[in-house]
2 protein chains.
Amino acid sequence: MSKRVALSVLAGIVLASSAGSAPALAAEPIQPIEPAKIMSPGMVELGKKLFFDPRLSKSGFISCNSCHNLSMGGSDNLKTSIGHNWQQGPINAPTVLNSSLNVAQFWDGRALTLQDQAGGPIANPGEMASTHALAISVLQSIPAYVAEFKAVFGRETVTIAEVTQAIAAFEETLVTPNSRFDKWLKGDKGALTNAELEGYELFKDSGCTACHNGSAAGGNTFQKMGVVEPYQSTSPAEGRVAVTKEEADRFNFKVPTLRNVEMTYPYFHDGEAATLTQAVDTMGRIQLGRKFTEAENAKIVAFLKTLTGDQPDFKLPILPPSTDATPRPRPFD
Amino acid sequence: MSKRVALSVLAGIVLASSAGSAPALAAEPIQPIEPAKIMSPGMVELGKKLFFDPRLSKSGFISCNSCHNLSMGGSDNLKTSIGHNWQQGPINAPTVLNSSLNVAQFWDGRALTLQDQAGGPIANPGEMASTHALAISVLQSIPAYVAEFKAVFGRETVTIAEVTQAIAAFEETLVTPNSRFDKWLKGDKGALTNAELEGYELFKDSGCTACHNGSAAGGNTFQKMGVVEPYQSTSPAEGRVAVTKEEADRFNFKVPTLRNVEMTYPYFHDGEAATLTQAVDTMGRIQLGRKFTEAENAKIVAFLKTLTGDQPDFKLPILPPSTDATPRPRPFD
C-alpha cells in the first residue's frame with residue numbers, strides 16, 4: 001500500500017468518525033466554525049500589536065482596529081468608514097472576524113489573501129494615508145519592535161511583507177466558534193428556540209443559503225446585488241467589475257459572512273440597511289423576489305442572532321513607545 | 001483612653017512598622033504608587049466598556065480611549081488631539097494613567113474629580129461632539145447596558161451621573177505600580193543602574209522635585225510655566241487663570257505626572273517638546289535657570305525612564321451591540 005493510499009484511508013476514517021458523532025453536520029448548508037490553530041504565537045502577538053498601532057497611519061490616530069474594532073464585531077458600525085482627515089470612505093468596512101474564511105478580501109475581492117489586504121489601508125490616502133516606507137521607518141526606529149520582528153522572522157530589517165504577514169497571522173486567529181447555532185449544528189438540540197429554528201428553516205427554504213453557506217455563512221462567492229430587481233444605491237462602488245474588468249461582474253460583490261451579524265450593522269456594501277429587519281426585507285425582495293411577512297422576517301432575524309460566536313478574547317496589547325528617532329505623526333498636514 | 005487617641009496610637013504603630021521595613025521611603029520626595037483597591041468590580045467593568053465605547057461620541061468613532069489610549073500610556077502621543085470632524089484640539093491630552101492621584105483634572109484643573117472630568121469631552125463640540133442627552137439615549141436603547149447599569153446602580157434609568165461615575169471608577173484602577181524606581185524606593189537597591197541613580201540625585205539636587213513630587217511625581221500642584229524665563233508658545237491655553245479669573249494664575253498649569261513619561265510623549269500642555277531630552281532641557285532653562293549638559297540631561301532621562309510601571313492589564317472589552325432603537329452615529333453632519 002503506497003503512502004498516499006494509506007493517508008486517504010486514514011482521512012476516510014477520520015471523516016467517518018466525525019460524521020458519526022454529529023450526523024446532522026453533513027446535511028446542513030452552514031457548517032460550524034472551528035477554533036483557530038495558532039502555528040506561530042510570536043507572530044500572532046506581533047500582529048496584534050501592529051493591528052492596534054495607530055503609528056501605521058500618517059496621523060498617528062488611525063489603526064486597523066479603528067475601522068475593524070474588535071470590541072464591536074470587528075467593524076466600525078458606520079455606514080462608511082472615517083479615514084485620514086475625516087474623509088468619508090466609499091464603502092462599508094467589512095468585519096475582520098472570520099475573514100480568513102473569505103474566498104478573497106475587500107467587497108470586490110481585489111486582495112486574494114489577508115496579507116495582501118493588510119497593506120492596502122496603510123497606504124490608501126483616504127484611509128490611513130501613510131506609505132509603506134514611512135510605516136517601516138516608524139517600526140524600524142523602535143527597538144522593542146525590531147527585537148520582536150527579529151525573534152519572529154530572524155532578521156534585523158523590518159519589511160512590509162513581514163508587517164502584513166504578522167497582521168494576517170493575527171487576523172487568522174479572529175474566528176468566532178461556539179455560537180448557539182454551531183452548538184445546535186454539533187448536536188445540542190436545546191441550543192436554539194423554536195422560533196430561531198423556524199427562522200433557520202425559512203432561511204434555507206427561501207434560498208438564502210444559496211449564497212450564505214459554508215462555515216462563514218457567506219464570504220465564499222461573489223454574487224450580484226439585485227438579482228430579481230435592481231438595487232438602488234448612491235454608492236460609487238461597482239463591485240467585482242473593478243477587478244475583472246468583465247461587464248458581467250458589475251454589482252457583483254463578495255457575499256458577506258453572516259457570522260456575528262448582530263454586531264456588524266449597518267449592512268450591505270453601502271451600509272444602507274441600518275437594521276437586520278431592513279437587511280432581511282431588502283435581500284428577500286431584490287435577491288429572491290420574496291416579500292417576507294413581519295413574522296417571517298422576525299424569525300429569520302432571530303435565527304441570524306444565533307450566529308454570534310466567541311468574540312476576541314485577549315488582553316489589550318501594550319505598544320512599545322516611540323524613540324527620539326521615530327518619525328512623528330502628522331495629523332494636520 | 002478615648003477612641004480617637006487609641007486610633008492615633010494605632011496609626012503611629014503602623015507608620016513605624018512600614019518605616020522599619022523600608023527606611024528610605026519617608027526621606028524621598030517621590031513615593032511609590034500603590035496598587036488600586038477595587039471596591040466595586042461591577043462598576044469598574046461597566047466603566048471600562050464605556051471608556052472604550054465610541055457611541056458616546058456623535059460620530060460613533062471617538063471613545064475616551066481614542067485620546068487616552070491605554071495601549072500607549074493613556075495618551076494619544078499627538079501634540080494636540082484630534083476631535084470630531086478632525087478638529088485640532090487646543091491642548092495636549094494628559095495621560096489618564098494615575099490620574100486619580102491628581103489634585104484636579106485637565107491642565108487648568110477645571111474639574112475637581114475624575115467624574116466631573118468624564119462628562120466634559122462627551123459634550124465638547126471639539127472633542128466627542130455628542131450631548132449628555134444623546135449619550136444617555138444611546139445607552140438606554142441597549143438592553144445589555146441597561147441591565148448592567150441596573151446591576152451596579154439598582155435603577156432602570158441610566159443617568160449621566162452614573163455614566164461618569166462608572167468611567168471614573170474604571171479610571172481609578174489605572175494606576176501603574178511596580179516601576180523599577182518604585183522597587184528601588186521599596187528597598188531593591190539593584191533595581192536602578194548607577195546612571196539612573198545619578199540621574200535621580202541630579203533631578204532632586206536641581207530642584208525638579210519642588211514640583212514633581214509625591215506618588216505621581218507631579219499632578220499635585222499648579223505651577224507657572226516659565227519661572228525663570230518666559231515660555232514661548234503659540235498655544236491659546238492660558239492656564240489656571242481660565243478657572244480662577246486671577247491674573248496671578250496666568251500660565252499656571254497643573255504639573256504633569258512623570259509616571260510612565262517615556263510613553264506619554266510629546267510633552268507640555270502644548271505638546272511642543274517631542275522628546276524627553278527636549279523636555280528636560282526646556283524645564284531646566286525656564287523653570288530652574290539651569291542649562292543641563294548633555295551628560296546630565298542623559299542621566300535625568302535615564303532616571304525618568306525608570307518611572308514606567310505596570311501598564312493596564314485586562315481583556316479588550318466587548319461592547320453590547322446597538323438595537324433597532326439606538327440613535328445612529330452621525331459622523332458627517
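A quick note: this is a predicted structure, and the numbers were derived from the prediction, not measured.

J.: Help me get a handle on the UniProt feature "domain: Cytochrome c" (unreviewed entry) in chain A, residues and values and all.
T.: Residues and elements named next belong to chain A. According to UniProt, the positions carrying the feature "domain: Cytochrome c" (unreviewed entry) are residues 42-150 and 194-308. Secondary structure within residues 42-150 divides into 39% helix and 4% strand; the distance between the first and last C-alpha atoms comes to 11 Å. Helix makes up 35% of residues 194-308 and strand makes up 5%, while its end C-alpha atoms are separated by 18 Å.

J.: Can you tell me about the relation of the copies chain A and chain B, naming the residues and giving the values?
T.: The two copies are related by a screw operation: chain A maps onto chain B through 180° of rotation and 0.0 Å of translation along the axis, at an RMSD of 0.0 Å. Taken together, the turn and the small shift mark the pair as related by a two-fold rotation axis. For chain A, the smallest separation between a C-alpha atom and the rotation axis is recorded for Lys315 of chain A, amounting to 2.0 Å. Take the interface residues of chain A: 100% of them recur as interface residues in chain B, which is what a same-surface contact looks like.

J.: Describe the interface of chain A and chain B, with residues and values.
T.: Across the contact, 47 residues belong to chain A and 47 residues belong to chain B. Approximately 3900 Å² of surface area, both sides summed, lies buried where chain A meets chain B, with 68% of it carried by carbon and sulfur atoms. Ionic pairing is found between Asp313 of chain B and Lys315 of chain A, a salt bridge with its closest N-O pair at 2.8 Å. Taken together, the residues of the side of chain A that touches chain B sort by class into 23 nonpolar, 17 polar and seven charged.

J.: Report on the environment of Leu114 of chain A, specifying residues and quantitative values.
T.: Residues and elements named next belong to chain A. When you line up the elements, Leu114 lands in helix α4 (residues 114-123). Leu114 sits in the buried class, given a relative accessible area of 9%. Considered as a pair, Leu114 and Ala104 are ten residues apart in the sequence and their alpha carbons are 7.9 Å apart. Excluding its chain neighbours within four sequence positions, the residues that come into contact with Leu114 are Ser99, Ser100, Gln105, Ala168, Glu171 and Glu172.

J.: Give a description of α4 of chain A that names residues and reports values.
T.: Taken together, the buried positions of α4 of chain A are Leu114, Gln117, Ala118, Gly119, Pro121 and Ile122 of chain A. In this fold, the buried residues of α4 of chain A make contact with α5 (132-140) and α7 (160-172) of chain A.

What counts, and where the lines are drawn
- Residues numbered from 1 in each chain as written.
- Chains lettered and ligands numbered in written order.
- Predicted model: local features only at pLDDT ≥ 70, side-chain atom pairs only at ≥ 80, totals over all residues.
- Heavy atoms only, no water.
- UniProt positions renumbered as here; feature names shortened; annotations may be inferred.
- Helix = DSSP H or I, 4+ residues; strand = E, 2+ residues; numbered from the N terminus.
- Least-squares fit on C-alpha atoms with pLDDT ≥ 70 in both.
- Contact = heavy atoms within 4.5 Å.
- Buried area = accessible area lost by both parts, 1.4 Å probe.
- Salt bridge = Lys/Arg side-chain N within 4 Å of Asp/Glu carboxyl O.
- Nonpolar A, V, L, I, M, F, W, Y, C, P; charged D, E, K, R; others polar.
- Buried < 20%, exposed > 50% of the residue type's maximum accessible area, 1.4 Å probe, protein only.

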